[in-house]
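Single-letter residue listing:
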Amino acid sequence: QVQLVESGGGLVPAGASLRLSCAASGRTFSSYVMGWFRQAPGKEREFVAAVDWSGGYTYYADSVKGRFTISRDNAKNTVVLQMNSLKPEDTAVYYCAARIHGTVAAGRHEYDYWGQGTRVTVSS
């Protein structure tokens, strides 16, 4: 069992920045692929970003590329999503996810554990 807890969401104006954090409980955190997904009202959960076990390989959705940065600190069992230049369309509940087996992936069904989410609202 892996437990993930997100934090850092909030209400911000367009153009602002937020830093989301995810704290993981797993002993083998360093071997997990970690990802961020988001779900806007009335929409399906969609991929945002992922980082491999080493932190050296990242993958981003086109909609956030150049604005968001994913990183991890295996010693602290944390994953961070730095979000800059936020847009109203970024409004969603953001979820941290862990993929136990495999490499970086963008499908929600390819991840094994999920946090409860943290809400991000970007006003126009």
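Keep in mind the model is a prediction, meaning the values are calculated, not measured. (Residues numbered from 1 in each chain as written. Predicted model: local features only at pLDDT ≥ 70, side-chain atom pairs only at ≥ 80, totals over all residues. Heavy atoms only, no water.)

Caption draft 1: Seen up close, the overall build of the protein chain. Along its length, the protein chain carries 0 helices and 11 strands. The C-alpha radius of gyration of the protein chain comes to 13 Å, within 12% of the 14 Å expected for a compact globule of 124 residues. Projected onto its principal axes, the C-alpha positions of the protein chain cover 40 × 25 × 25 Å. Buried positions account for 44% of the 124 residues belonging to the protein chain. When contacts within the protein chain are restricted to residue pairs at least 6 apart in sequence, those whose partners lie at least 24 apart make up 58%. Working note: accessible area of the protein chain is about 6,400 Å², and carbon and sulfur atoms make up 47% of it. Put simply, the protein chain has 13 plus and 10 minus side-chain charges, and the middle of one group is 4 Å from the middle of the other. (Helix = DSSP H or I, 4+ residues; strand = E, 2+ residues; numbered from the N terminus. Rg over C-alpha atoms; globule rule 2.2 N^0.38 Å. Buried < 20%, exposed > 50% of the residue type's maximum accessible area, 1.4 Å probe, protein only. Contact = heavy atoms within 4.5 Å. Areas by Shrake-Rupley, 256 points an atom, 1.4 Å probe, with all protein chains shown as cover. Lys, Arg positive; Asp, Glu negative; His and termini not counted. Charge placed at Lys NZ, Arg CZ, Asp CG, Glu CD.)

Caption draft 2: Structural context of the sheet that holds strand β3 (residues 18–24). In space, the 4 strands of this open sheet follow the order β1-β3-β8-β7, with antiparallel pairing throughout. Strands at the two margins of the open sheet, each flanked by one partner only, are β1 (4–7) and β7 (68–73). In this sheet, neighbouring strand axes are inclined to one another by 15° on average, regardless of whether the strands run parallel or antiparallel. (Pairing = 2+ DSSP bridges. Axes fitted to C-alpha atoms, helices over the stretch in contact; angles between N-to-C directions.)

Caption draft 3: Quick look at the nonpolar core. Ranked by internal contacts, the top residues of the largest apolar core, which has 39 residues, are Met34, Trp36, Leu81, Met83 and Tyr94. Those elements giving two or more residues to this core turn out to be β3, β4 (33–39), β5 (46–51), β7, β8 (78–83), β9 (92–99) and β11 (118–123). If sequence neighbours within four positions are ignored, Met83 has contacts with Ala16, Ser17, Leu18, Leu20, Arg67, Phe68, Tyr94 and Val120. (Core = buried A, V, L, I, M, F, W, Y, C linked by side-chain atoms within 4.5 Å.)

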